Structure formats: structure tokens, C-alpha cells
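One letter stands for each residue in the lines below.
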Amino acid sequence: MEDVRVFGMEAERGRWLLVLSGMLINLCLGSIYSWSVFVAPLTAYFTGALGRTVTAGEVLMPFSVFLACFAVTMPLAGRLIEGWGPRNAAIVGGVLTGLGWLLASTAASVQVLYVLYGVIGGVGVGIAYGVPVAVSTRWFPDRRGLAVGLTVLGFGFSAFVTANLAGMLIAAVGVMATFRIFGVVFILLVALFALPLSFPPDGWRPAGMAAGGGAAGPACECNRSAMIRTPTFYGLWICYFVGCLAGLMAISIAQPVGTEVAGISPAVATMLVGFFAVFNGGGRPLFGALTDRLDPGRTAMVSFALIGAASLLIWQAPSTLTYIAAFAVLWGCLGGWLAIAPTATARYFGTCDYPRCYGLVFLAYGAGAIAGPQLAGYIRTTTGGYLGVFPWVLGLAAIGFVVAFALLRPGKSG
């Protein structure tokens, strides 16, 4: 086999720098998770500076639009990644993401933010997000779960970094100037970190890995049309949806549950959101490595067992301690699913049509992003409190465990 080099090094070593590039790209893309920092300053800006009456709910809507566009674009962007190549696709996505932030600084109404930030920025992330994941899956057939987990770690940790930066910038230069700064910086950084991204030559495998693929290799190679004819796909989609619904629900209600259920101060609850973000980021390489060691099905069952245990704990014994422990687990398991699902897609269906295959699987994330917060809000409205959310999450985790046991196994590509 030809001598393949990455960053001037042997591919087995240089490929880790591609993971680092992907991690840094995701650090920029994941800034959407810092949106809560912008809610109060934007409300004050529109009300005070522009004389428009807006609610906190209206200012939260760009966040939902962004995530919806992100999820819908992912399956559509797969063909672009293959056609344009990973470098160009990541740059285009990064430019659109940055433009979403940059143009948001010109918004004269919250409705305009839905388009300038939510649609443009969301589409940009939808294009760029899948690129580093696809690169890692192809360069790491031997350690795919760990590589993917590290690649998406940046997205999970982003709020820990960008939320603090946003808070300092908003205090120093104002909310609209912060949008402009973020936009310019994201365009430059994503373009820079995208430059080295590439796929390995066809047939390349790391030294010492058998041509057959071994335990970590794909169980089959199929395109998206073949994938959707397998029960494994539907099992994976349902499990991903349940895992994301539970995790994104926890993200959306972490602060109010802390004050309402655990009885802690709003300031401490807000600080703990940053603490939970560490688990969201750390869960990705942890569950990715676990997927390599076990397999996607068993790792999914571990995740659902943890989600169920955390929900039962806070439901039956609400306190400050159980709140912190339960939400650390829920945020960590959400991060874990951002590693389990892409690794499982490659493991079960191969990498020949990976961007399009994982794009379709990723729709489960978008569905969970919409359903999770909405379900939490409905339960809060109908029961008068957030504690009633957790028996629902417990029940969903039980369903996910059964589905993972029954369907998450290598299937025939048809």
C-alpha cells in the first residue's frame, strides 16, 4: 500500500490532528448552546433601544429555528460533502454559520432573527457539522468511536467556552456588537481549521488492521436507500430520538428545575449549567470509547440504564445532591449519543455513503430537540411543576433499552 502522510507524518499519527481540527470546528459550531446568555440582553435591546415589546419566549424562538434547520440540513448536505470534498463543504458551512451571527447584528425585530440567525446559521451548521464526523469515521476504522467522540467533543464543550466569552463581550460592547465579533471570528476560524480536512485514499487502513475490517469495521456497506430497508436503522433512529429527547429536555429545564425542585438559588443553578456542559462534552469520547470496546447496542443499553436511574433518583428523592447527580448523568448521556449514533451508523452501514446515511439518522436529534422542551413545557403547564417530567423520561428510557436490545445489531444491507 502507498505511503500515506497527514501533516507530513505517518497517517497513523497525523490523523489525530484531523480529529483536533474537527474538534475546533465544532467548538465554533456549538456556540448555539450559549444562546441562553443572549436572551435577556436581546429582550432589553428590543424593548429599550427599539421600543418593541418582546417576550422571552419570542427571543428563544431563534434557538429552536436554528436547531430545526441544523437537523433538516444534515441529511441534505451529505451529497454536498461527497461532491465538494470535506474541505470545501466545511468552509461553505462555516461561512454561512458566521454570516448567521454577523447578520443577526442588523436585526431590527426578533422575527428577522428567525431568518438571519436561525435559518442561515442553522443551515451553515447543518452543512459543516457532518464534515469532521465523516472525516473521522474514514480515518479511524480501528478506533472509530473514540475518534468520533473526540471530534464532537468540541460541540458539547462549546457552551462552556462561548457562553463565558459572550457574557464578557455583551457587558463590554453590547449584544449586537457581540454578534458581529462572533460572526467574523467563526468565519475565519472554521475556514482555517477546515484547510487540512480530507478523506483517506480508497482502501486505506491503518497499519496492523486486517483488510476485513475486524471487530470495529463495518458490518456491511450500503447506501441510504438500502439502509432504510433494515430494522437496524429504525432501531437506531428510535434510540437516538429517545436519548436526545431526554438529554435536550434536561438542557432546556436545567436552571428552573434547580430552583424549583432542588431549591437552590438562580445564580447557583445558572453556574451549574456550565458544570453540566463539562459532562455533555466529556460524555462524547467516553461513550465513543465504550462503543469501541463493547458495541453500539450494549453501549446504548448502558446509556438508557443510566438515564432511567437518574430520572428515578430525582423523581423519588429530589434534593440538591440528587439534582446535580441526575443532571450530570442526563447531560453526559446526551453527549454520549452524539458519539454512539454516528459510530453505530458507520459500524452497521459502512462509510461508502456515510454523510447521507448519518444525515438521515441525525433527524432523530432534530425531532428530540423539538419534542423534548415541548414535552417538558406541557408537563409543567398541566401539573404545575417540573418533577412530573422524570417519570416520563424513565418510561422512555425503558422503551429505548428494549428497542436497543431487540434491534441494535448488524443487519443485512438488502
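As a starting point, this report considers the structure included with it. These numbers come from a predicted model, not from an experiment.

In this structure the tally under the stated criterion is one cavity of 30 Å³ or more. Of the pockets and cavities examined, the largest cavity occupies roughly 50 Å³. In terms of lining, the largest cavity is formed by M74, A77, G78, I81, G130, Y354, P355 and Y358. Taken together, the elements giving at least two residues each to the lining of the largest cavity come down to α3 (56-84) and α13 (354-383). Looking at the lining of the largest cavity, its residues break down into six nonpolar, two polar and no charged.

With that out of the way, let us pick up the nonpolar core. Ranked by internal contacts, the top residues of the largest apolar core, which has 126 residues, are Y240 and F327. Here this core takes 16 residues from helix α12 (residues 320-349), the largest share from any one element.

To find the voids left in a structure, one rolls a probe of water-molecule size over its atoms. The computed volume of the largest pocket comes to approximately 1100 Å³. Y33, S36, L60, I251 and S252 are, among the 38 residues lining the largest pocket, the residues nearest its centre. Among the elements of the structure, α2 (36-49), α3, α6 (144-173), α9 (231-260), α10 (266-293) and α13 are those that each provide at least two residues to the lining of the largest pocket. For the lining of the largest pocket, the element with the highest residue contribution is α3, accounting for seven residues. When grouped by side-chain class, the residues that make up the lining of the largest pocket number 26 nonpolar, 12 polar and no charged.

The rules we used
Residues numbered from 1 in each chain as written. Predicted model: local features only at pLDDT ≥ 70, side-chain atom pairs only at ≥ 80, totals over all residues. Heavy atoms only, no water. 1 Å grid on protein atoms, 1.4 Å probe; cavity = no way out; pocket = protein on both sides within 12 Å on 5 of 7 lines; lining within 4 Å. Points joined across faces, edges and corners; volume = space filled by probe spheres on them. Helix = DSSP H or I, 4+ residues; strand = E, 2+ residues; numbered from the N terminus. Nonpolar A, V, L, I, M, F, W, Y, C, P; charged D, E, K, R; others polar. Core = buried A, V, L, I, M, F, W, Y, C linked by side-chain atoms within 4.5 Å. Buried < 20%, exposed > 50% of the residue type's maximum accessible area, 1.4 Å probe, protein only.

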